[in-house]
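# Structure assessment
These are the residues of each chain, in order.
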Amino acid sequence: MTSKGQVTVPREIRERLGLRSGDKMIFTLLSDGTVVMRPKNRSVADVAGLLQRPGQPTVAVEDMNPFKA
């Protein structure tokens, strides 16, 4: 952390989140001391597919529902 309170986000995380210089972040402190960092003002469409890992099969939303008809 710099004397101004700035931190460097590792490259892998910036790339996975699609962060660019000047992007705003939201930090949330949870009761157990965990800090959650999220990009601010991003739509779901902007972050779609970020959690997909190469080689992992995709799953349809219908297949995630435990109450199948």
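Bear in mind that the values here come from a model prediction, so they are computed numbers and not experimental data.

## Topic: the overall build of the chain
Of the regular secondary structure elements, the chain holds 3 helices and 2 strands. Put simply, the chain runs from its N terminus to its C terminus through helices and strands in the order α-β-β-α-α. The buried share among the 69 residues of the chain stands at 4%.

## Digging into the pairing of strand 1 (residues 25–29)
The sheet contact formed by strand 1 and strand 2 (residues 35–39) spans 5 bridges and is antiparallel. Bridge pairing in strand 2 places Ile-26 opposite Arg-38. Between strand 1 and the antiparallel strand that follows it, strand 2, lie 5 residues; Gly-33 among them carries a positive phi value of about 95°.

## Some remarks on a nonpolar patch on the surface
Taken together, the side chains of Phe-27, Leu-29 and Val-35 present a nonpolar region at the surface, about 340 Å² in accessible area. Take Leu-29: it is sitting in strand 1. Here Leu-29 falls in the exposed class, since its relative accessible area comes to 65%.

## A few points about the confidence of the model for the chain
Looking at the chain as a whole, its pLDDT mean stands at 83, while 83% of the residues score no less than 70. No element of the chain has a lower mean pLDDT than helix 2 (residues 44–47), at 67, and none a higher one than strand 1, at 91.

What counts and what doesn't
Residues numbered from 1 in each chain as written. Predicted model: local features only at pLDDT ≥ 70, side-chain atom pairs only at ≥ 80, totals over all residues. Heavy atoms only, no water. Helix = DSSP H or I, 4+ residues; strand = E, 2+ residues; numbered from the N terminus. Buried < 20%, exposed > 50% of the residue type's maximum accessible area, 1.4 Å probe, protein only. Pairing = 2+ DSSP bridges. Patch = residues over 30% accessible without salt bridge, like charges linked within 9 Å, V, L, I, M, F, W, Y side chains within 5 Å. Areas by Shrake-Rupley, 256 points an atom, 1.4 Å probe, with all protein chains shown as cover. Salt bridge = Lys/Arg side-chain N within 4 Å of Asp/Glu carboxyl O. pLDDT = per-residue confidence, 0-100.

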